[in-house]
Structures are given as C-alpha cells and as structure tokens.
Amino acid sequence: MKNLIKSIAIATAASGYIVASSAMAADQKIAVVNFQEVMGKIPQTAAVMKSLEEEFKDEKAVLAQLEQDIKYLQEKRKRDGSLMSAKEIEELEGKIGVLFQDYQTKGKAFQQSTGARKNEETNKIIALVRQAIDNIAAKGDYDLVLEQSAVVYSKPKTAITEEVVKQVRKLK
C-alpha cells in the first residue's frame, strides 16, 4: 500500500513537472539553424579552402613526386628484376625503402600541418557564424537557438538558416 501511494505521488509530481515545463516552453521563442548548410553556403568557406590549397600546393607537389618516384622504381623492379643482379635488386629496394620512408614522414607532417591550418581557419568562420546567430537571436528576441541535428522535428518557421547565411555573407 505504501508503495502504491509513493508511486501515485511520484507520478503526480512528474505530470505536474511536465505540464509546467510545457507551459514554460510555450512562452519561449525557439529558432533552429542548420550549421552544416550554413557552412556549405557561405563564400568564406570556399575562400578558405582555396587559400589553403594554394598555401600547401608545393608540399602536395613534393608528395606527388615522391609517390611517382616510388611507383616508377617499383615498376622497374618488377619489369627488370629478372635481368638485374642480386646487388642491383638490393640497391633498388633500398632506394624504394628510403623514398617510402621519406614519403610517409612528409605525408604525416603534411596532414598535421594542413589539418591544423584548416582547424584555425574553420574556427574563424565558426566565430563569424556564431556572431551572426547571436545578432539574429538578439534582433528576433529568440530565447533559444538549436542546431538542427539536435532536433527531431521543428516547424519550418523556426528555421533561421537562410538568415544566418545572408548575415555571414555580409561579414568579413
């Protein structure tokens, strides 16, 4: 009997909480923004990617040349291996090994440096997007702005993605 009374009391308290939170949510003005869509539509993203491509083109070319050299030597080994002496094969495999090790070292450094620069530039763009969202939220008197990926359903009128895109395009 005590457990039944406890269960009823807990259920009553929980339903009261749900009703109260629903009433509070009804008073709030909520907006939804699709962050991925914003990042894909703003010109700053494309400009950053282009500048990063330009910044790292020399390192990328060096890696491509190393890869080409390794492939050439591997093909030479396969093609001419039967005609080569054991010493020549050993020297060729040594060259391939050295080039491959160099390729791996430079490739890892390239990935780290490009990743770090991309993160730096992306963080700058994210700051612009957040600034635009803050401005729109303040002007529109929104109490809460949510990322669309965190929302199961929202009415189209709550979406501010296009407004954010327009405002970020104006920012530099």
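The shown structure was predicted, so the numbers you read here are calculated from the model rather than taken from an experiment.

**Here's the deal with the overall build of the protein chain**
Then step 1. Looking only at helices and strands, the protein chain features six helices and two strands.
Then step 2. For the protein chain, buried positions account for 25% of its 172 residues.
Then step 3. If you take every contact in the protein chain between residues at least 6 apart in sequence, the share linking residues at least 24 apart comes to 87%.
Then step 4. About 12600 Å² of surface is accessible on the protein chain, with carbon and sulfur atoms providing 57% of the total.

**Here's the deal with helix α6 (residues 161-170)**
Then step 1. Along α6, the positions that sit buried rather than exposed are Thr161, Val164, Val165, Gln167 and Val168.
Then step 2. Packing partners of the buried residues in α6 comprise β1 (30-33), α2 (35-41), α3 (43-55) and α5 (86-139).

**Some remarks on a nonpolar patch on the surface**
Then step 1. Together, Ile30, Leu144 and Leu146 make up an exposed nonpolar region whose accessible area comes to about 190 Å².
Then step 2. Looking at the element boundaries, Ile30 is found in strand β1.

**Here we look at the nonpolar core**
Then step 1. Among the nonpolar cores identified, the biggest contains 24 residues, and Val38, Ile42, Val129, Ile160 and Val164 are the most heavily contacted of them.
Then step 2. Counting only elements with at least two residues in this core, the list comes to β1, α2, α3, α5 and α6.
Then step 3. At eight residues, the largest contribution of residues to this core is made by α5.
Then step 4. Excluding residues within four positions of it along the chain, Ile160 makes contact with Ala31, Val32, Val33, Ile136, Tyr142 and Val145.
Then step 5. Core analysis: the next-biggest nonpolar cluster, separate from the first, contains eight residues, Ile70, Leu73, Ile89 and Ile96 among them.

**Structural notes on the packing of α3 against α5**
Then step 1. One can describe the packing of α3 onto α5 by two numbers: an axis separation of 10 Å at closest approach and a directional angle of 160 degrees. If you check the angle between α3 and α5, you find them roughly antiparallel. Handedness of the crossing formed by α3 with α5: right-handed. Contact residues: α3 offers Gln44, Thr45, Val48, Met49, Leu52 and Glu55, while α5 offers Arg117, Lys118, Glu121, Ile125 and Leu128.
Then step 2. Counted by class, the contact of α3 with α5 contains five nonpolar, two polar and four charged residues.

**Things to note about the side chain of Thr158**
Then step 1. By the element assignment, Thr158 lies in the loop between β2 (144-147) and α6.
Then step 2. The exposure class of Thr158 is buried, given its relative accessible area of 17%.
Then step 3. Ignoring anything within four residues of it in the chain, the contact list for Thr158 reads Ile30, Ala31 and Val32.

**Quick word on the pattern of salt bridges**
Then step 1. Overall, the coordinates contain twelve salt bridges when judged by the stated rule.
Then step 2. The salt bridge involving Glu37 is made with Lys41; its shortest N-O contact spans 2.8 Å. Placement of both Glu37 and Lys41 in helix α2 is noted, with a separation of four residues, approximately one turn of the helix.
Then step 3. Judged by its relative accessible area of 30%, Glu37 is partly exposed.
Then step 4. Owing to a relative accessible area of 34%, Lys41 belongs among the partly exposed residues under this scheme.
Then step 5. Between Glu121 and Arg117 there is a salt bridge whose closest N-O contact spans 3.0 Å. Pair noted here: Glu121 and Arg117 are both in helix α5, with a separation of four residues, about one helical turn.

About the thresholds
Residues numbered from 1 in each chain as written. Predicted model: local features only at pLDDT ≥ 70, side-chain atom pairs only at ≥ 80, totals over all residues. Heavy atoms only, no water. Helix = DSSP H or I, 4+ residues; strand = E, 2+ residues; numbered from the N terminus. Buried < 20%, exposed > 50% of the residue type's maximum accessible area, 1.4 Å probe, protein only. Contact = heavy atoms within 4.5 Å. Areas by Shrake-Rupley, 256 points an atom, 1.4 Å probe, with all protein chains shown as cover. Patch = residues over 30% accessible without salt bridge, like charges linked within 9 Å, V, L, I, M, F, W, Y side chains within 5 Å. Salt bridge = Lys/Arg side-chain N within 4 Å of Asp/Glu carboxyl O. Core = buried A, V, L, I, M, F, W, Y, C linked by side-chain atoms within 4.5 Å. Axes fitted to C-alpha atoms, helices over the stretch in contact; angles between N-to-C directions. Parallel < 35°, antiparallel > 145°, perpendicular 65-115°, else oblique. Left-handed = near helix turned anticlockwise from the far one by under 90°. Nonpolar A, V, L, I, M, F, W, Y, C, P; charged D, E, K, R; others polar.

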